[in-house]
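# Reading the structure
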Amino acid sequence: MSSQEVITIENDFTLIRFQNDSNESYHVERHINQGLIQFHFGMKGKAKFIFNQGSYALDLNEEKSYLFYNPQKELPLNLELAPNSWVISVIVSIQKFHSLFSTESDYIPFLSEENNDKKYYKEDNISPSMAIVLSQMFHYNLNPSIKNLYYKGKGYELLSLYFNRNEDPNAEQCPFLIDEDNVLKIKKAKEIIIANMSEPPSLQELADEIGLNLKKLKMGFKQIYGDTVYGFLFDYKMDYARKLLDSGSYNVNEVGLKIGYSTGSHFITAFKKKFATTPKKYLMNLAIK
């Protein structure tokens, strides 16, 4: 399954989530007006930016970011996502950016007067605190009515963290995430529960399998994915169930069994809790569309 979700936060401030969970490359092209600043964040896997009809390319690796800005010409987005890769992009106008960072223009190189008309490309690492915000943006699970407001706040937070290059590695906010080994273990925990979503392990079994104590598993998972282990798994299962229903290949009971519900009534209750409608009504609505 490959997809892109465009979230217009304001007229000159857009966020795009690219998700390729398939086993094939996913190619995306988007027109982007001149004078816009592009931030691209590699969350998972690998992606490639293609320029000048394929004559030049830049690889975007996991936990890396790019900033592109060229006031002289348009920079269309030509992106190729490798299998199982996720990218978040933030597109913002130079005017909006100046209004946000006017007092810091001396600190941010491409905003300085001597660079005003120059193109600017920069690769950087994604800091631990940025990784948390990016993950929260990807795993949004709040009420749809506040989605735009939520992303606006997270978008501003992400940009401020991007330029906070004096981040204190001992900051109280996320001391756990500084240890790269712990982060890899938490990511492994996520992979384990997804692979075993119909019969997930207990939290203690999961902690033992990845080699962390229970407290660190709970704390680390919440920091990286913005939810508890089972809260994350519930949302993942419901989204997966919705995709199975969308495919038209399975009935309601079959979908429920695939994601671990032994009775149809339990699956219906869970689905309604997530989407405020029953699977049957959801399918009927699909048929109408």
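Let me sum up the structure you'll find in this document. Just so we're clear, the structure is a prediction, and the values are computed from it rather than from any experiment. (Residues numbered from 1 in each chain as written. Predicted model: local features only at pLDDT ≥ 70, side-chain atom pairs only at ≥ 80, totals over all residues. Heavy atoms only, no water.)

As a further point, take the sheet that holds strand S7 (residues 64-69). Strand order in the open sheet made by the six strands is S1-S2-S9-S4-S7-S10, with antiparallel pairing throughout. Strand pairing shows two members of the sheet lacking a second neighbour, strand S1 (2-10) and strand S10 (120-125), which therefore form its edges. Adjacent strand axes in the sheet meet at a mean angle of 15° when their direction is disregarded. Each of S1, strand S2 (13-20), strand S4 (36-44), S7, strand S9 (85-93) and S10 is contacted by helix H3 (residues 147-162), which is oriented at about 90° to S1, the strand it contacts most. (Pairing = 2+ DSSP bridges. Helix = DSSP H or I, 4+ residues; strand = E, 2+ residues; numbered from the N terminus. Axes fitted to C-alpha atoms, helices over the stretch in contact; angles between N-to-C directions. Contact = heavy atoms within 4.5 Å.)

Looking now at the environment of Gly45. In this fold, Gly45 is placed in the loop between S4 and strand S5 (46-51). Under the relative-accessibility criterion, Gly45 is labelled partly exposed at 25%. Put simply, Gly45 and Asn84 are 39 residues apart on the chain and 6.1 Å apart in space, counted from C-alpha to C-alpha. What Gly45 contacts, discounting residues up to four positions off in sequence, is Asn61, Glu62, Asn84 and Ser85. (Buried < 20%, exposed > 50% of the residue type's maximum accessible area, 1.4 Å probe, protein only.)

Before going further, it helps to spend a moment on the pairing of S7. Regular strands place side chains that alternate from one sheet face to the opposite one. Buried residues dominate S7, accounting for five of its six residues. The pairing of S4 with S7 spans four bridges and is classified as antiparallel. Bridge pairing in S7 places Gln38 opposite Phe68. Looking at chain direction, S7 and S10 are connected through six bridges and run antiparallel. Its bridge partner lying in S10, Tyr69 is registered against Tyr120.

This part takes up the packing of helix H5 (residues 203-210) against helix H6 (residues 214-225). It is at 9 Å that the axes of H5 and H6 come closest, and there the two elements cross at 95°. By the angle between their axes, H5 is roughly perpendicular relative to H6. Residue-level contacts link Leu203, Gln204, Leu206, Ala207 and Ile210 of H5 to Leu214, Leu217 and Lys218 of H6. For the contact of H5 with H6, the class distribution of residues is six nonpolar, one polar and one charged. (Parallel < 35°, antiparallel > 145°, perpendicular 65-115°, else oblique. Nonpolar A, V, L, I, M, F, W, Y, C, P; charged D, E, K, R; others polar.)

Time to look at unusual backbone geometry. Of note in the backbone geometry, Glu63 takes a positive phi value of approximately 65° without being a glycine. Look at Glu63 and you get partly exposed, because its relative accessible area is 34%. Of note in the backbone geometry, Ala276 takes a positive phi value of approximately 60° without being a glycine. Tracing the chain through its elements places Ala276 in the loop between helix H9 (264-275) and helix H10 (279-288).

Turning our attention to the sheet that holds strand S6 (residues 56-61). Ordered by their spatial adjacency, four strands build an open sheet running S3-S8-S5-S6, and the pairing between neighbours is antiparallel. Edge positions in the open sheet fall to strand S3 (26-30) and S6, since each of these has one partner strand only. Direction aside, neighbouring strands of the sheet carry axes that sit 20° apart on average.

The next thing to look at is H6. The terminal C-alpha atoms of H6, which comprises twelve residues, lie 16 Å apart, in line with the 16 Å expected from a rise of 1.5 Å per residue. Regarding H6, its N-cap is Asn213, as a side-chain oxygen of that residue lies 3.1 Å from the backbone nitrogen of Lys215 further along. Gly226 sits one or two positions beyond H6 and adopts a positive phi of about 70°. (Expected span 1.5 Å × (residues − 1). Polar contact = N/O pair within 3.5 Å; in protein donor to acceptor, adjacent residues only side chain to side chain.)

Glancing now at the environment of Ser93. Among the secondary structure elements, Ser93 is positioned in strand S9. The class for Ser93 is buried, based on a relative accessible area of 5%. Placed 80 residues apart in sequence, Ser93 and Phe13 show a C-alpha to C-alpha distance of 6.8 Å. When neighbours within four sequence positions are excluded, Ser93 is seen to be in contact with Asp12, Gly35, Leu36 and Ile37.

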